[in-house]
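# Structural description and commentary
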Amino acid sequence: EKNGYDHFMLKEIFEQPTALQNTMTGRIDQDSQMVEFPELDWSEAKVNEWNKIYIVACGTAYHAGLIGKHVLEELTRIPVAVEVASEFRYRRPIIDEQTLVITVSQSGETADTLAALRQSQKMGAEVVGITNVVGSSIAREADNVILTMAGPEIAVASTKAYTTQVLSLYLMGVYAAQKKGQITEEYRKELLESLLKTPGQIEESLEHIKGIRWYAESIKDAQSVFFLGRGLDHAVALEGSLKLKEISYIHSEAYAAGELKHGTLALIEEGTPVIALATQNEVYDKMIANIEEVRARGAKVMGVTTEGNMDIYHYVDETCYIPATNNLFAPLLSVVPLQLISYYTSLALGNDVDKPRNLAKSVTVE
Ligand code: F6R
């Protein structure tokens, strides 16, 4: 049951350290410090044949895929396209035997994702399914399966399924790079050491929950909330925005911060809440410039950044720090405060947090 938590969603947010730990178990060899995936029959020859990767999924799983694209491209240098399954299945994607298709689905039963899997197999692609449910349709039909070890997820708003999907894609990225002989031992060790720390770091961040609750209550009457970020932070912004919409029913948008001046800036008014993610070093200064743009129009900005970026104080109204980690893994940590913001906003509005209106946990019809 709820184990003393008021809602399944909160329980599942707090289960993330354990869920991530379980997803890593048996997949990182402590001695060799290499990723192992006995469930993937990926020969070196096969991995070297792939010249294109598609990640296909819906909703939150699609957002996990956006992180996967970034990571897989970075580590394997194979081009990756991420697509919403309901779009992918009704066009003519360019797929052949040299294509790897990754379908991501918590339930393993999402109709559009399953259709995309079948279509890809018919066209000759190898399909890996990332799913949380043993024996689900996607688990049965994919050529290879990676199980996320999140445990049952009851709340409609997905939390621990998302972080374990993201983690699975990280591990897959390192694994593929190992097979391609494309990652130095030093870099691999650095990445894995950093990854192994993330469950404990999430636990640490969950201790600062009070400040986030206070912030969530302060935005509950907003007409619209904006999430901004660049690169991986943009992918996390999309997930934070979806989470807020689905359970608080507040309109929100996520934008690539560099796109602001191409239209969105017109929507920022006095008092508009903006949640700005600034965890990525290479674009940190650019993000600060974007924060200044929205603040000049009256936005109230919450900055989410890694510990150490003390100077953000000067530019924002509120700050939320996440523990320092490799830039690649920041999404695992930065999504947690966003999950909590949506939870507490929904709670403050008196909504049914675990069962938001109009939505179902598993979407088995298109
Ligand atoms: C949002 C959410 C949905 C699901 C989507 C796909 O919190 O849970 O967007 O992510 O319906 O579901 P699965 O992963 O079961 O294919």
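- Within an unreviewed UniProt entry, the label attached to the protein chain reads Glutamine--fructose-6-phosphate aminotransferase [isomerizing], and the organism entered is Pontibacillus salicampi.
- The UniProt entry for the protein chain carries the following text under Catalytic activity (unreviewed entry): "D-fructose 6-phosphate + L-glutamine = D-glucosamine 6-phosphate + L-glutamate".
- Taken verbatim from the UniProt record of the protein chain, the Subunit (unreviewed entry) comment is "Homodimer."

### Focus on the packing of aromatic side chains
- Inspection of every chain in the model, using the stated rule, returns seven aromatic pairs.
- Look at Tyr 5 and Phe 14: their rings are 5.6 Å apart centre to centre, the planes differ by 35°, and that puts the pair in the tilted class.
- Residue classification places Phe 14 among the partly exposed positions, given a relative accessible area of 26%.
- With a centroid separation of 5.9 Å and 40° between ring planes, the pair formed by Trp 42 and Tyr 175 is classed as tilted. Separated by 133 residues along the polypeptide, Trp 42 in the loop between strand E2 (34-35) and helix H3 (44-49) and Tyr 175 in helix H8 (residues 160-179) bring together distant segments of the chain. Tyr 175 matches Trp 42 in its accessibility class, with the two residues each being buried.
- Members of the aromatic cluster, connected to one another through ring pairs, are Phe 37, Trp 42, Trp 50 and Tyr 175.
- Looking at Arg 357, its charged tip hangs above the ring of Tyr 249, at a distance of 3.8 Å from the centre.

### Digging into the sheet that holds strand E10 (residues 273-278)
- Spatially, E9-E8-E10-E11-E12 is the arrangement adopted by the five strands of the open sheet, whose pairing is parallel. Two strands close off the open sheet at either side, each with one partner strand: strand E9 (251-256) and strand E12 (318-322). On average, each strand axis in the sheet is tilted by 20° relative to the strand beside it, whichever way the strands run.
- The sheet strands contacting helix H12 (residues 284-296) are strand E8 (224-229), E10 and strand E11 (300-306), and the helix crosses E10 at an angle near 170°.

### Digging into the environment of Arg 188
- Summarising the element assignment, Arg 188 is placed in helix H9 (residues 185-205).
- Spatially, the C-alpha atoms of Arg 188 and Leu 333 are 20 Å apart, while their sequence positions differ by 145 residues.
- Setting aside anything within four residues of it in sequence, one finds Arg 188 in contact with Ser 32, Gln 33, Met 34, Val 174, Gln 178 and Ile 183.

What counts and how
Residues numbered from 1 in each chain as written. Predicted model: local features only at pLDDT ≥ 70, side-chain atom pairs only at ≥ 80, totals over all residues. Heavy atoms only, no water. UniProt positions renumbered as here; feature names shortened; annotations may be inferred. Phe/Tyr/Trp six-rings, centres within 6.5 Å; stacked < 30°, edge-to-face > 60°. Buried < 20%, exposed > 50% of the residue type's maximum accessible area, 1.4 Å probe, protein only. Helix = DSSP H or I, 4+ residues; strand = E, 2+ residues; numbered from the N terminus. Lys NZ or Arg CZ within 6 Å of the ring centre and 35° of its normal. Pairing = 2+ DSSP bridges. Axes fitted to C-alpha atoms, helices over the stretch in contact; angles between N-to-C directions. Contact = heavy atoms within 4.5 Å.

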